[in-house]
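# What the coordinates show
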Amino acid sequence: GLKGKVLSSFIYKTPVLGTSFAFQGFENLDGKFFTESSFDTDEFSQKLFETYFGKALNNSTNDWNMFHKELEKIFSIHSFKKNFRQYLSSKGIDV
């Protein structure tokens, strides 16, 4: 399922470093805003550096704004209602 702390970090324009578990539900998003790592300490340390001294500095305000629009399309209440209506309609339920 979707991870609230990851989404909150995205909202505050903070790149995220985490394991594959942390990014469940975000598989189709642009990877320039997050970095996946294993639990290996050397790999995690290297990716931590890459994330906060690379990705954090290379993403412009415009990049984040576009990313936020993408998040809104996927995760907003409006998106949920639209998808839920479509689901109910596909089951023959009028709403």
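Right, let's walk through the structure included here. Remember, it's a predicted structure, so these values are computed and weren't measured experimentally.

### A few points about the pattern of salt bridges
Where charged atoms of side chains with opposite charge meet at close range, the side chains can pair. For the structure shown, the criterion picks out two salt bridges. Of the charged contacts in the structure, one is a salt bridge between Lys 32 and Asp 63, with a shortest N-O distance of 3.4 Å. Of this pair, Lys 32 sits in the loop between β1 (16-18) and β2 (34-36) while Asp 63 sits in helix α3 (residues 61-75), and the two are 31 residues apart along the sequence. Here Lys 47 ties to Glu 43 by a salt bridge, and the two come within 3.5 Å at their closest N and O atoms. Taken as a pair, Lys 47 and Glu 43 lie in helix α2 (residues 41-58) at a separation of four residues, close to a single helical turn. Judged by its relative accessible area of 23%, Lys 47 falls in the partly exposed class.

### Focus on the environment of Lys 32
The class for Lys 32 is partly exposed, based on a relative accessible area of 32%. In this structure, the C-alpha to C-alpha distance between Lys 32 and Ser 9, residues 23 residues apart in sequence, is 14 Å. Lys 32 has contacts with Lys 55, Asn 59 and Asp 63, leaving out every residue within four places of it along the chain.

### Description of helix α1 (residues 4-11)
Of the positions making up α1, those classed as buried are Val 6, Leu 7 and Phe 10. Considered in projection along α1, the buried side chains sweep an arc of 95 degrees and stay on one side of the axis. Looking at the packing, one finds that the buried side of α1 touches β1, β2 and α3.

About the thresholds
For every chain, the first residue of the written sequence is number 1, and numbering continues from 1 along that sequence. Residue-level local features of this predicted model are given only where pLDDT is at least 70; pairs of side-chain atoms are given and counted only at 80 or more, and the full residue set underlies all totals for whole chains, interfaces and linings. The side-chain values count all of the structure's non-hydrogen atoms but skip hydrogen atoms and water molecules. A pairing counts as a salt bridge when a side-chain nitrogen of Lys or Arg comes within 4 Å of a carboxyl oxygen of Asp or Glu. In DSSP terms, a helix is any run of H or I states spanning at least four residues, a strand is any run of E spanning at least two, and both are numbered starting from the N terminus. Three labels apply to residues, based on accessible area from a 1.4 Å probe with only protein chains included: buried if under 20% of the type maximum, exposed if over 50%, partly exposed otherwise in between. The contact definition used throughout considers only heavy atoms, calling two residues in contact when any of these lie within 4.5 Å. Think of it as the arc spanned by the lines of direction from the helix axis to the C-beta atoms.

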